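Chain by chain, the residues run as shown.
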Amino acid sequence: QVQLVESGGGLVQAGDSLRLSCVTSGPTIGGYTMGWFRQAPGKEREFVAAIRWSAGSTYYVDSVKGRFTISRDNAKSTVYLQMNSLKSEDTAVYLCASGYGGPINTPSTYTYWGRGTHVTVSS
């Protein structure tokens, strides 16, 4: 079974940067899609970014394009989310997920989920 562990969250000010990491373990995920979602209090889980592990193609929600970058390190089995120019509306729990097939921006596509890491952006 695939396991995902996120880290890198914290409390920052608007305009600051953070880099989230998601370390994966378990069966090979070469054909998987890795995604980052976020969930703010009282709101539904929202797609943020995704990367096809083998091809390296990336996808973003419009609100983070130009500010966030998703990447992966095959040797470390780790997916990163570099977040720059953070805004107060980016405040949420950020969750890493892996899945195979299906729309990349839909939570039901993803089979495995981490527990999340908190990101708080003060204005």
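Our structure is the block above this text.
Now for a description of the structure that goes with this document. What you are looking at is a predicted structure, and each value in this text was computed from that prediction instead of being measured.

Let's shift gears to the nonpolar core. Core analysis: the largest hydrophobic core is formed by 25 residues, its most contacted members being Trp36, Leu81, Met83 and Tyr94. Those elements giving two or more residues to this core turn out to be strand 3 (18-25), strand 4 (33-39), strand 5 (46-52), strand 7 (68-73), strand 8 (78-83), strand 9 (92-99) and strand 11 (117-122). In terms of nonpolar packing, the next biggest core, distinct from the first, is built from 6 residues, Phe37, Ala50, Ile104 and Tyr110 among them.

Our focus in this paragraph is the state of the cysteines. In the structure shown here, the tally under the stated rule is 1 disulfide. Residue pairing for Cys22: its cysteine sulfur links by disulfide to Cys96, the two sulfurs lying 2.1 Å apart. As the torsion about the S-S bond is roughly -80 degrees, the Cys22-Cys96 disulfide counts as left-handed. Residue Cys22 is found in strand 3, and its partner Cys96 is found in strand 9; the two are separated by 74 residues along the sequence. Residue Cys22 shares its accessibility class with Cys96, and that shared class is buried.

On to the environment of Ser71. Inspection of the secondary structure assignment puts Ser71 in strand 7. Spatially, the C-alpha atom of Ser71 lies 17 Å from that of Gly114, the residues being 43 residues apart in sequence. Other than its neighbours up to four places away in sequence, Ser71 contacts Ile51, Thr78, Val79 and Tyr80.

On to the pairing of strand 8, then. Among the 6 residues that make up strand 8, 5 are buried, leaving the element largely enclosed by the rest of the structure. As paired strands, strand 7 and strand 8 are joined by 6 bridges and run antiparallel to one another. Its bridge partner lying in strand 8, Ile70 is registered against Leu81. Here strand 7 folds back onto strand 8, and the loop between the two strands holds 4 residues, one of which, Ser77, carries a positive phi near 50 degrees.

Taken as a whole and assessed by the stated rule, the structure comprises 4 salt bridges. Between Glu46 and Arg38 there is a salt bridge, with the nearest N and O atoms lying 2.7 Å from each other. Judged by relative accessible area, Arg38 falls into the buried class, the value being 6%. A salt bridge links Asp62 to Lys65; its shortest N-O distance comes to 3.0 Å. Of the two residues, Asp62 and Lys65, neither departs from the other in class, the shared state being exposed. In this structure, a network of salt bridges that share partners links the residues Arg38, Glu46, Arg67 and Asp90.

Sheet strands pair via backbone hydrogen bonds, and the direction of the pair is either parallel or antiparallel. Spatial ordering of the open sheet is given by 1-3-8-7, a layout of 4 strands whose pairing is antiparallel. Looking at the sheet topology across the chains shown, the edges are occupied by strand 1 (3-7) and strand 7. Strand-to-strand, the axes of this sheet are offset by a mean angle of 15 degrees, without reference to chain direction. As judged from the 5 bridges shared by strand 1 and strand 3, these two strands associate in the antiparallel manner. Along strand 3, the bridge assignment pairs Ser7 with Ser21.

Rules used in this analysis
Residues numbered from 1 in each chain as written. Predicted model: local features only at pLDDT ≥ 70, side-chain atom pairs only at ≥ 80, totals over all residues. Heavy atoms only, no water. Core = buried A, V, L, I, M, F, W, Y, C linked by side-chain atoms within 4.5 Å. Buried < 20%, exposed > 50% of the residue type's maximum accessible area, 1.4 Å probe, protein only. Helix = DSSP H or I, 4+ residues; strand = E, 2+ residues; numbered from the N terminus. Disulfide = S-S within 2.5 Å. Contact = heavy atoms within 4.5 Å. Pairing = 2+ DSSP bridges. Salt bridge = Lys/Arg side-chain N within 4 Å of Asp/Glu carboxyl O. Axes fitted to C-alpha atoms, helices over the stretch in contact; angles between N-to-C directions.

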